[in-house]
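Take a look at the letters that make up each chain.
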Number of protein chains: 2
Amino acid sequence: MSAQSGPGRPGLVKTVTSLANPLVKDIRALSQRKHRQATGLFVAEGLKLVADAIEAGWPIKTFVHAEKVSHHELVSRTAARVVAHGGLVLKVSEAVLEKMTRRDNPQMVIGVFEQKTVPLDAIDPAGATVWIALEGIKDPGNLGTILRTADAVGASGVLLVGDTVDPFGTEAVRATMGSIFHVPLARASIEAFKAWRPSWPGTVVGTHLSATEDYRAVPYEEPVLLFMGNEQSGLPEDLAGLCDRLVKIPMAGKADSLNLAVSTAVMLYEVRRGKLTV
Amino acid sequence: MSAQSGPGRPGLVKTVTSLANPLVKDIRALSQRKHRQATGLFVAEGLKLVADAIEAGWPIKTFVHAEKVSHHELVSRTAARVVAHGGLVLKVSEAVLEKMTRRDNPQMVIGVFEQKTVPLDAIDPAGATVWIALEGIKDPGNLGTILRTADAVGASGVLLVGDTVDPFGTEAVRATMGSIFHVPLARASIEAFKAWRPSWPGTVVGTHLSATEDYRAVPYEEPVLLFMGNEQSGLPEDLAGLCDRLVKIPMAGKADSLNLAVSTAVMLYEVRRGKLTV
Ligand SMILES: [Co+2]
Ligand SMILES: [Co+2]
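Bear in mind the structure is a predicted one, so any value in this text is a computation, not a measurement. (Residues numbered from 1 in each chain as written. Chains lettered and ligands numbered in written order. Predicted model: local features only at pLDDT ≥ 70, side-chain atom pairs only at ≥ 80, totals over all residues. Heavy atoms only, no water.)

As for the overall build of chain A
Argument step 1. In terms of regular secondary structure, chain A is built from ten helices and twelve strands.
Argument step 2. Taken against the 2.2 N^0.38 rule, which gives 19 Å for 278 residues, the C-alpha radius of gyration of chain A at 21 Å falls within 12% of a compact globule.
Argument step 3. Expressed as lengths along the three principal axes of its C-alpha atoms, the size of chain A is roughly 60 × 40 × 40 Å.
Argument step 4. Looking at chain A as a whole, 55% of its 278 residues are labelled buried.
Argument step 5. Across chain A, the fraction of contacts at a sequence separation of at least 24, relative to all contacts at a separation of at least 6, is 80%.
Argument step 6. Side-chain charges of chain A comprise 30 positive and 29 negative groups, with the mean position of each set lying 6 Å from the other. (Helix = DSSP H or I, 4+ residues; strand = E, 2+ residues; numbered from the N terminus. Rg over C-alpha atoms; globule rule 2.2 N^0.38 Å. Buried < 20%, exposed > 50% of the residue type's maximum accessible area, 1.4 Å probe, protein only. Contact = heavy atoms within 4.5 Å. Lys, Arg positive; Asp, Glu negative; His and termini not counted. Charge placed at Lys NZ, Arg CZ, Asp CG, Glu CD.)

Next up, the structure:
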C-alpha cells in the first residue's frame, strides 16, 4: 500500500503560525472520540513513529512538524514523501503544536492518519499465530500496552469485543509505541463475536479467576484465540463458556488480581513459548 | 503493628464541609511530591484498599469519608478503629472530597498514611524469594503495576535505585491496587547500591537488549535479585556489569521493546516458575 491519501496529485506544504487557523482546531478536535469517529482520523506523535508508519504504507492525511526541525534529514525526507503522495504538510510554530496536541512540551512532529480496522469476516485463522480478543477493555494505557506486547510476540491481531475504549485515542496510541501501525485491529459486538467464534479452528483459551487449570498446563494449538475480560470484572460467564479452556495464572501474595496488560502479556509469552527464540 | 499514629490517646471525629478548612488544603497538598516529602505522608483512595491497609497495621493518620457513606458497616467499623488508635476521622461533603483529591467523581473514602520504606541494610536476603531492583523508573503507572505484580508472585520487595518516580504519588499508589501496603519498598542511591550488591548471595539477573541468553535458560537460584533498567534506556553498562546473568526476552514482531511493567512481569513469572502453583 502507498502512503496515498489524495486523488493521485501532489499535496501541499503550508506554514501555519496562527492559533486561529481552522486546521489547528480540526487537529485539536481529534483528541475527542466523537471527532475521531466522525472523521475516521487519528493522531500519532513523534518523528520516529510517524516516519515508521509512512514507511509501512499507512495512509497519512497530514504531516505536521515544527519549523525548527525542518532541516532534520528524516523530517524533510518524510515531508517530501507525504507531498508526493497527495498529503498535506504543515510547518508550524511550537505554540501551534501545543494547541493541536493539548500538551506542554509537545513532540516536534505529529501525523494525522486514517484509522484502519479489519472486518471480522476478514480475519484469517489459517495463517494466524494468536489473536487476542479483549472484551470491554476500559483503560487506554492497557489497550496500547497490549497492542505493543501483541506486536512483540508476533501475534496476528487484536479483536475488540463489545464496548471498549478507543484504540485510536491519544493515550492508547502513545502506549503502543508504534505498534498501532503493525498489529491488525478488528472490532465486533458481543453478538457478532458469539456468532463468529465457532469458526475458530484452534484453541480458544480464556483466563478466569475461578478456573482451576494452570495456564502452563494447556497445549496451545495455533491458531490460538486468547480471550481476556475487562479490568473490573473479567470474562462474564456467557463469554467464558465460549472457551475451550479456562485457565488461571497462579498468584502467591495478597494481590487480588494482575493488571490486564500484565496478565495478557504473561499469557501471550506462554502461548508462544515454543515459538519464540532470542 | 497497630494502626496507631497518636500518642496512645483516642483520636477525634470532625465534620468538614467548608472548602476553606485548612485540613482540606493540607490533604490536597499531598498530590505534590514536595509536600509528601516534607510530611512523610501519602494518600490512598477507596474503602476496600484503606480498610485493608488498616487491617494490615499500616499507620494511618487521617481517615476521610463522605457523610453519605457513614452508615456503611465497614466505614463505621474502620472509623471506630482509627479513632481508638489515636487517628483523626473526617466526615466530609463530596465537594470537599473533590477538592482534596483534585478529582471529579472521587472515591467516597480516602486515607492519609505514613510512608514506610526499608533501609538498604535491613533487606534480608536469607529469607527472600526475589527482590526487584528498578533503576531510574520514571512512569508512576509502571511502578505501581510492578508493585502489584511483585505482590502477586510473592516477591520479597522492590528496591528503587537512583532517581525514580515517587512510589507514594497518587497515580503510582492507585496502580498498585493496594499492594503498596503489602510489598516492602527500599531506596538506594546508585553508589549505595553498588556497594551493597556484592552482599547478595543468590542470582543477580538483569534484562538487556544486547544480551544473547534466553531468559528461560537461566537456573534462577533464590534469593534472586532481578535488576531492571528504566523505560528510556534500560540498564546502563556499569550497572549491567553488576549482574551475574544478562538475559533477553525474545521478540518476534516489529516492536522495539516491551513496556517495563510487562517485561518485569514476564521475568518475575519465569524466575518464580517452579514455585507458583494454582
Ligand atoms: Co514500528
Ligand atoms: Co490488599
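With respect to the packing of aromatic side chains
Argument step 1. Inspection of every chain in the model, using the stated rule, returns 20 aromatic pairs over all chains.
Argument step 2. Here the basic side chain of Lys 116 of chain A rests over the ring of Trp 58 of chain A, its NZ or CZ set 4.3 Å away from the ring centre. (Phe/Tyr/Trp six-rings, centres within 6.5 Å; stacked < 30°, edge-to-face > 60°. Lys NZ or Arg CZ within 6 Å of the ring centre and 35° of its normal.)

Comments concerning the sheet that holds strand E6 (residues 130-135) of chain B
All names here are of chain B.
Argument step 1. As summarised here, the arrangement of the seven strands in space is E8-E7-E6-E11-E9-E12-E10, forming an open sheet in which the pairing is parallel. One side of each edge strand has no neighbouring strand; the edge strands of this open sheet are strand E8 (185-188) and strand E10 (213-214).
Argument step 2. As paired elements, E10 and strand E12 (residues 245-248) share two bridges and run parallel to each other. Residue pairing across strands places Glu 213 opposite Val 247, the latter belonging to E12. (Pairing = 2+ DSSP bridges.)

Some details on the relation of the copies chain A and chain B
Argument step 1. Here chain A sits on chain B after a turn of 180° about the axis and a move of 0.0 Å along it, with an RMSD of 0.0 Å. These values place the two chain copies in the arrangement generated by a two-fold rotation axis.
Argument step 2. Here 100% of the contact residues of chain A are again contact residues in chain B; the copies associate through an equivalent surface. (Least-squares fit on C-alpha atoms with pLDDT ≥ 70 in both.)

A closer look at the nonpolar core
Argument step 1. With 154 residues, the main nonpolar core has Phe 63 and Phe 113 of chain A together with Phe 63 and Phe 113 of chain B as its most contacted residues.
Argument step 2. Residues contacting Phe 63 of chain B, with those up to four places away along its chain left out, are Val 50, Ile 54, Val 75, Thr 78, Ala 79, Val 82, Leu 88, Val 89, Leu 90, Val 109 and Ile 110 of chain B. (Core = buried A, V, L, I, M, F, W, Y, C linked by side-chain atoms within 4.5 Å.)

Examining the coordination of the cobalt ion (ligand 2)
Residues and elements named next belong to chain B.
Argument step 1. Coordination sphere of the cobalt ion (ligand 2), protein contribution only: Asp 52 (OD) and His 182 (NE2), at 2.0 to 2.2 Å. Here Asp 52 is found in helix H3 (residues 47-55), whereas its partner His 182 is found in the loop between helix H7 (170-176) and E8, with 130 residues between them in sequence.
Argument step 2. Accessibility expressed as a relative area gives 29% for Asp 52, which makes it partly exposed.
Argument step 3. Given the relative accessible area of 21%, His 182 is considered partly exposed. (Donors = N, O, S within 2.8 Å, 3.2 Å for Na, K, Ca; no water.)

Here we look at helix H4 (residues 73-84) of chain A
Residue and element names in this part refer to chain A.
Argument step 1. Over its twelve residues, H4 extends 17 Å from the first C-alpha to the last, a length consistent with the 16 Å expected when each residue adds 1.5 Å.
Argument step 2. Taken as a whole, H4 has its buried residues at Val 75, Thr 78, Ala 79, Val 82 and Val 83. The arc that holds the buried residues of H4, viewed along the axis, is 135°, so those residues lie on one side.
Argument step 3. Those residues of H4 hidden inside the fold are in contact with strand E1 (12-16), helix H3 (47-55), strand E3 (60-66), strand E4 (88-92) and strand E5 (109-114).
Argument step 4. Note on H4: the residue one or two positions beyond its end, Gly 86, has a positive phi of about 90°. (Expected span 1.5 Å × (residues − 1). Arc of directions from axis to C-beta.)

Observations concerning the packing of helix H10 (residues 260-271) of chain A against helix H10 (residues 260-271) of chain B
Argument step 1. At their nearest, the axes of H10 of chain A and H10 of chain B sit 9 Å apart, and the two run at 50° to each other. It follows from the interaxial angle that H10 of chain A and H10 of chain B lie oblique. In this structure, the crossing between H10 of chain A and H10 of chain B has a hand that is right-handed. Contact with H10 of chain A, carried on its side by Ala 261, Val 262, Ala 265, Val 266 and Tyr 269 of chain A, involves Ala 261, Val 262, Ala 265, Val 266 and Tyr 269 of chain B of H10 of chain B and no other residues of that element.
Argument step 2. Taken together, the residues that form the contact of H10 of chain A with H10 of chain B break down as ten nonpolar, no polar and no charged. (Axes fitted to C-alpha atoms, helices over the stretch in contact; angles between N-to-C directions. Parallel < 35°, antiparallel > 145°, perpendicular 65-115°, else oblique. Left-handed = near helix turned anticlockwise from the far one by under 90°. Nonpolar A, V, L, I, M, F, W, Y, C, P; charged D, E, K, R; others polar.)

Structural notes on the environment of Phe 181 of chain A
Residue and element names in this part refer to chain A.
Argument step 1. Structurally, Phe 181 is set in the loop between helix H7 (170-176) and strand E8 (185-188).
Argument step 2. On the accessibility criterion, Phe 181 (6% relative accessible area) is buried.
Argument step 3. Between the C-alpha atoms of Phe 181 and Trp 58, which are 123 residues apart in sequence, the distance is 7.1 Å.
Argument step 4. Excluding residues within four positions of it along the chain, Phe 181 makes contact with Phe 42, Ala 44, Leu 49, Ala 53, Trp 58 and Phe 113.

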